Amino acid sequence: MASDSPESLMALCTDYCLRNLEGTLCYLLDNETLRLHPDIFLPSEICDKLVNEYVELVKTDSIFEPHESFFTLFSDPRSTRLARIHLREQIVQDQDLEAIRKQDLVELYLTNCEKLTAKSLQTLVSFSHTLISLSLFGCCNIFYEEENPGGCEDDCLVNPTRQVLVKDFTFEGFSRLRFLNLGRLIEGVNVETLLRPLASLAALDLSGIQLNDVGFLTQWKDSLVSLVLYNMDLSEEHIQVIAQLRKLRHLDISRDHLSSYYKFKLTRRVLNLFVENLVNLTSLDISGHTMLENCTIPSMEEKMGQTSIEPAKSSIAPFRGLKRPLQFLGLFETSLCRLTHIPAYKVSGDKNEEQVLNAIEAYTEHRPEITSRAINLLFDIARIERCSQLLRALQLVITALKCHKDDKNIQVTGSAALFYLTNSEYRMEQSVKLRRQVIQVVLNGMESYQEVTVQRNCCLTLCNFSIPEELEFQYRRVNELLLNILNQSRQDESIQRIAVHLCNALVCQVDNDHKEAVGKMGFVMTMLKLIQKKLADKTCDQVMEFSWSALWNITDETPDNCEMFLNYSGMKLFLECLKEFPEKQELHRNMLGLLGNVAEVKELRPQLMTSQFISVFSNLLESKADGIEVSYNACGVLSHIMFDGPEAWGICEPHREEVVKRMWAAIQSWDINSRRNINYRSFEPILRLLPQGISPVSQHWATWALYNLVSVYPDKYCPLLIKEGGIPLLKDMIKMASARQETKEMARCLNEMYFLLSHSCSLRICVPMGFETGKLISRSVFCVTFANLPSRCKSKRGVRLCSFNSPFSASDFLKLLHVTVPPTKPSSFLMPI
């Protein structure tokens, strides 16, 4: 089971402060500019956390609102200190870096910050005396500046936005810089000139840069320990230079094998050269390379013995010269990863789950094109096999989806993988915290992409969660996204079906505040539009039935939503559906359930008082559709209408007395033991029909409903009846002269069940050997003992013997049993004699 431990105090405080800057650290100057309170001083540990978490929130949380002046809070190093910050994508602009130029930064990672221009190069100079690590990965415009108003010389390189390339910038003065990432640097920049001033580089990343001559790298042959040349088209000259960098511990010459323009082929000789010269190597990545020569040992020898990471047993012949196993070996999308003996503790590849997870872990941040293919392999593993490292897999996919929110391929493959990684088979292994992270990235994907595959995958993944409980922390957001899907003019049928199902589940069993909020988002109108479209197509499918069910749920005890239903021509659609689909029982049940909610609202009942509507409700009293449900709901609608009294009966046909007679006949035809396809959260609308003498039939319907629910589902509904004060109302009704005798008798039985099932009862029932609850038995004698009676009783123990000659069940016996003395200690059980 994944850890469900709370976040650290630092993380909680940081998140709270960022979401409430004005109420904590800051005040607003001139109602627009954030300013730090003058009595605040924050050390670098806190400032770094605030900045890095701010960037993460802006990127991944759509509810979080960024502040234009946020970075100005860190402009004065006397009150705020920054040391290590990671900034990403469109969040950062030139003025943001300018705001913090007085800080003594040690690490500055700028990743895919496409809004940064050459102005930020000048700001970087401000950090030159302290900066140790710098990443400009994907900052494709940082070497461009606005075109000279007087025009540019013929040899200027101009980008599509009419900006000119800066050619004179170098890292002169960056004396402490040791780690530099220039990945995806734009063409035209002279890398050698740019880097020459750096005296002692330890790590250099030149991913995606095409350089014909890399001889300049030898100036750091005594200091360079990490070199990344991903997707650089290598040549023999490159290899010879690399072989001279004898201090290297990490070398990455991997490539994207789908890029066809790379001519270089890796040979056995090249690998031998690396092993012989780079003796300190602990990490090597050659993923994606085509092997020109056979680097493996003979097949028979390769398959012998236990799997080993010892270099002497390596299936890759050149690696038998290693002095020790590598810590990491990148073999993703090469044939070498499928060999038996690979001399490395961690291998990226496509052979098994471990290798695939290592690939996702290694390539997520800077190589989305590789990551998406690795996640696709994980998807196949989760779909076909059982994922053995579930928690690690989930965390890696979540990280990839967060990191590449705008990458369609990763969103497609990642959301598909999440569907299988969150299904019921893995449920017990996942913490609440982890499942919430899944929900967040799924909703991010739904927001970012209207593409059918992403939307379908995300909706299907949400179906793996307990709804609405697990989605309640993002309740408004998920409803808005689903309604947006359903309101699109062109819809995929499968997505529509899933989205309506989710909408229905989200408004079931939630409090009224949630329902009212969703109603104001346009939920009722959206469902009615779907129904109207299905009617036009003469189609009654799951979308039609779920839409009516969703309306039934969202109108439960929410008068505003009921009013919206009427205002948006809901009754017209009800009549049309009833006419078009006369045999659709579940549809009828859902529609009548909804109208029962409408009828509970006194102010709306006059709109139901038309000859057409009353005739329809009256005719449905005789319906046998879905057991008793349609008839029951129709009777419920009429019971509330009758409750308004004869003076509210504003129609000539049908006559009120005629409808009352049909209601009595319908109720008497129902089986009191009917199991129900209904779910009550409250009895309040039913209980209000008890203390009145205007409509005895309404009173009887309410009593019948309570008796049926409490007797068939005692554990669920008996506590609800007690909690909402139903027992005193039933007792008072028994004394009413206007109540019918059969209604009173049913109320008495309810009181007896209340005592037996819910009134602190200590009951021991001894039954014959072999008797099982629910099975019919004939002629048996039961000994019933009531223990722990109150002291006011004449005896400490009461015993009753009961003998029955006809077949009956244990539940029948409990109903027939009359309890005359209320015991005190709760427990009831059956045991054989």
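Quick notes on the rules
Within each chain, residue numbers correspond to sequence positions counted from 1 in written order. The predicted nature of this model means local features are confined to residues of pLDDT at least 70 and side-chain atom pairs, given and counted, to a pLDDT of 80 or more, with totals for whole chains, interfaces and linings taken over all residues. Note that water and hydrogens are dropped before the side-chain values are worked out from all heavy atoms of the structure. Helix numbering and strand numbering both begin at the N terminus, where a helix is a DSSP run of H or I of at least 4 residues and a strand a DSSP run of E of at least 2. A simple rule labels every residue: compare its accessible area, found with a 1.4 Å probe on the protein chains alone, to the largest value its type can have, and call it buried under 20%, exposed over 50%, or partly exposed in between. Only heavy atoms matter for contacts: two residues are in contact if any of them lie within 4.5 Å across the pair. Only the protein chains shown count as cover for residues, and the accessible areas themselves come from Shrake-Rupley with a 1.4 Å probe. For helices, the axis comes from a line fit to the C-alpha atoms of the stretch in contact; other axes are also lines fit to C-alpha atoms, and the angle between any two N-to-C directions lies between 0 and 180 degrees. Comment on the angle field: the value is read as roughly parallel under 35 degrees, roughly antiparallel over 145, roughly perpendicular from 65 to 115, and oblique elsewhere. Put simply, a crossing is left-handed when the front helix is turned counterclockwise from the back one by less than a right angle, and right-handed when it is turned clockwise. Residue polarity is assigned by list, with Asp, Glu, Lys and Arg as charged and Ala, Val, Leu, Ile, Met, Phe, Trp, Tyr, Cys and Pro as nonpolar; anything else, Gly included, falls into the polar class. A helix is expected to reach a length of 1.5 Å times the quantity of its residues less one. For this analysis, a nonpolar core means a set of buried residues of the types Ala, Val, Leu, Ile, Met, Phe, Trp, Tyr and Cys, connected via side-chain atoms within 4.5 Å. We define a salt bridge as a contact between a side-chain nitrogen of Lys or Arg and a carboxyl oxygen of Asp or Glu at a distance within 4 Å. Each Phe, Tyr or Trp ring (for Trp, its six-membered ring) is paired with any other whose centre lies within 6.5 Å, and the angle between the two planes then decides the class: stacked below 30 degrees, edge-to-face above 60, tilted in between. Two distance rules govern patches: like charges are joined within 9 Å, and nonpolar side chains (Val, Leu, Ile, Met, Phe, Trp, Tyr) within 5 Å, applied only to residues with over 30% relative accessible area and no salt bridge. In this tally, Asp and Glu contribute negative charge and Lys and Arg positive charge; neither His nor the terminal groups of the chain are included. Where a charge lies is defined by one atom per residue type, namely NZ (Lys), CZ (Arg), CG (Asp) and CD (Glu). By definition, pLDDT measures how confident the predictor is in each residue, and it falls between 0 and 100. For two strands to be treated as a pair, DSSP must find at least two bridges joining them. Two N or O atoms count as a polar contact when they lie within 3.5 Å, although within protein this holds only if one can serve as hydrogen donor and the other as acceptor, and sequence-adjacent residues are included solely when both atoms are side-chain atoms.

## Describing the overall build of the chain
Within the chain one finds 31 helices and 18 strands. When the 833 residues of the chain are sorted by exposure, 54% land in the buried category. Across the chain, contacts joining residues at least 24 apart in sequence account for 67% of those joining residues at least 6 apart. As displayed, the chain offers around 37,900 Å² of accessible surface, 51% of which is attributable to carbon and sulfur atoms.

## Concerning the environment of valine 442
Position of valine 442 relative to the elements: it lies in helix H13 (residues 432–448). Spatially, the C-alpha atom of valine 442 lies 9.2 Å from that of glycine 414, the residues being 28 residues apart in sequence. The residues touching valine 442, leaving out its near neighbours within four places in the chain, are Leu418, Cys458, Thr461 and Leu462.

## Some remarks on the packing of helix H23 (residues 611–620) against helix H24 (residues 629–642)
Packed helix pairs are specified by the crossing angle of their axes together with the interaxial distance, meaning the distance between the axes. Following both chains from N to C, one finds H23 and H24 inclined at 135°, their axes separated by 8 Å at the closest point. Compared by their axis directions, H23 and H24 come out oblique. Seen from above, H23 lies across H24 with left-handed handedness. For the pair H23 and H24, contact is made by Ile614, Phe617, Ser618 and Leu620 and by Val630, Ser631, Ala634, Val637, Leu638 and Ile641, respectively. The residue makeup of the contact of H23 with H24, split by class, is eight nonpolar, two polar and no charged.

## Concerning helix H27 (residues 696–712)
Its 17 residues give H27 an end-to-end C-alpha distance of 24 Å, which sits within 8% of 24 Å, the value for a rise of 1.5 Å per residue. Most of H27 sits inside the fold, with 16 of its 17 residues counted as buried.

## Concerning the nonpolar core
Core analysis: the biggest nonpolar cluster contains 158 residues, and Trp548, Phe565 and Phe574 have the highest contact counts within it. Ranked by residues supplied to this core, first place goes to H27 with ten residues. Non-local contacts of phenylalanine 565, meaning those with residues more than four positions away in its chain, are made with Val524, Leu528, Trp548, Leu551, Gly570, Met571, Leu594, Leu595 and Val598.

## Digging into the pattern of salt bridges
Summed over the entire model, instances satisfying the criterion amount to 37 salt bridges. Here aspartate 76 ties to arginine 78 by a salt bridge, and the two come within 3.0 Å at their closest N and O atoms. Classification of aspartate 76 as partly exposed rests on a relative accessible area of 25%. Of the charged contacts in the structure, one is a salt bridge between glutamate 480 and arginine 476, with a shortest N-O distance of 3.2 Å. Of this pair, glutamate 480 and arginine 476 both sit in helix H15 (residues 475–486), four residues apart, which is roughly one turn of the helix. Taking relative accessible area as the criterion, arginine 476 reaches 49% and is therefore assigned partly exposed. If you follow the salt bridges from partner to partner, you end up with Lys59, Arg88, Glu89 and Glu365 in one network.

## Considerations on the packing of aromatic side chains
One pass over the structure, following the stated rule, counts 21 aromatic pairs. Considering the side-chain rings of phenylalanine 216 and tryptophan 220, the 6.2 Å spacing of their centres and the 90° angle between planes classify their relative orientation as edge-to-face. Of the two residues examined, phenylalanine 216 and tryptophan 220, each falls in the buried class. On the basis of an interplanar angle of 55° and a centroid distance of 6.4 Å, the ring pair of phenylalanine 332 and tyrosine 363 is categorised as tilted.

## With respect to H13
An α-helix turns once per 3.6 residues; consequently, residues spaced three or four apart project the same way. Taking 1.5 Å of rise per residue, 17 residues should cover 24 Å, and H13 covers 25 Å from first to last C-alpha, within 8% of that figure. Buried within H13 are the following residues: Leu434, Arg435, Val438, Ile439, Val441, Val442, Leu443, Asn444, Gly445 and Met446. On its buried face, H13 sits against helix H2 (44–60), helix H11 (390–403), helix H12 (408–421), helix H14 (452–462) and H15.

## Description of a negative patch on the surface
A contiguous patch of negative charge on the surface is contributed by Glu469, Glu472, Asp511 and Asp513. Secondary-structure assignment places aspartate 511 in the loop between helix H16 (493–506) and helix H17 (512–520).

## Comments concerning the confidence of the model for the chain
Here the chain averages 86 in pLDDT, while 87% of its residues score no lower than 70. Confidence drops under pLDDT 50 across residues 149–156; counting only partners more than four residues distant or on other chains, this segment forms five contacts. A low-confidence stretch, residues 758–833 (pLDDT under 50), is modelled with 136 contacts involving residues beyond four sequence positions or located in other chains.

## Concerning the sheet that holds strand E4 (residues 107–111)
Pairing in this open sheet of ten strands is parallel, and the strands run E3-E4-E5-E8-E9-E10-E11-E12-E13-E14 from one edge to the other. Each edge of the open sheet carries a strand with a single partner, namely strand E3 (84–88) and strand E14 (344–348). In this sheet, adjacent strand axes meet at a mean angle of 5° when their direction is disregarded. Bridge count for strand E10 (residues 226–228) against strand E11 (residues 250–252) is three bridges, and the pairing is parallel. The residue of E11 that forms the bridge with valine 228 is aspartate 252. Contacts between helix H9 (residues 353–363) and the sheet are confined to strand E12 (283–285), strand E13 (326–330) and E14, with E14 contributing the most and set at about 80° to the helix.

## Notes on the environment of leucine 483
Mapping leucine 483 onto the fold places it in helix H15. Here the alpha-carbon distance between leucine 483 and methionine 527, two residues 44 residues apart in the chain, equals 9.1 Å. If near-sequence neighbours (up to four positions away) are discounted, leucine 483 is found in contact with Cys503, Met521, Gly522, Phe523, Thr526 and Met527.

## Quick notes on the packing of H15 against helix H18 (residues 523–536)
Where H15 meets H18, the closest approach of the two axes is 10 Å, and the angle between their N-to-C directions is 30°. Classified by the angle their axes make, H15 and H18 are roughly parallel. With respect to the hand of their crossing, H15 and H18 are arranged in left-handed fashion. Seen from H15, the contacting residues are Asn479, Leu483 and Leu486; seen from H18, they are Phe523, Thr526, Met527 and Leu530.

## Overview of unusual backbone geometry
Put simply, isoleucine 467 and proline 468 share a cis peptide bond, and its omega is 10°. Of note, the amide linkage connecting glutamate 653 to proline 654 takes the cis form, showing an omega dihedral of -10°. Considering the arrangement of structural elements, one finds proline 654 in the loop between H24 and helix H25 (656–669). The phi torsion at glutamate 557 lies on the positive side, around 55°, for a residue other than glycine. Checked against the element boundaries, glutamate 557 lands in the loop between helix H19 (542–554) and helix H20 (559–567).

## Regarding the pairing of E13
E13 sits mainly inside the fold: four of its five residues count as buried. Relative to E13, E12 runs parallel, the two sharing three bridges. Across the sheet, the residue bridging to aspartate 285 is glycine 330, located in E13. Looking at chain direction, E13 and E14 are connected through four bridges and run parallel. Residue glycine 330 lies in a different strand from E14, and its bridge partner there is serine 348.

## Let's talk about the side chain of serine 695
Tracing the backbone through its elements, the reader meets serine 695 in the loop between helix H26 (684–687) and H27. Side-chain polar atoms of serine 695 contact the side chain of serine 698, separated by 2.6 Å. Leaving out residues up to four positions away in the same chain, serine 695 has contacts with Met642, Phe643 and Arg656.

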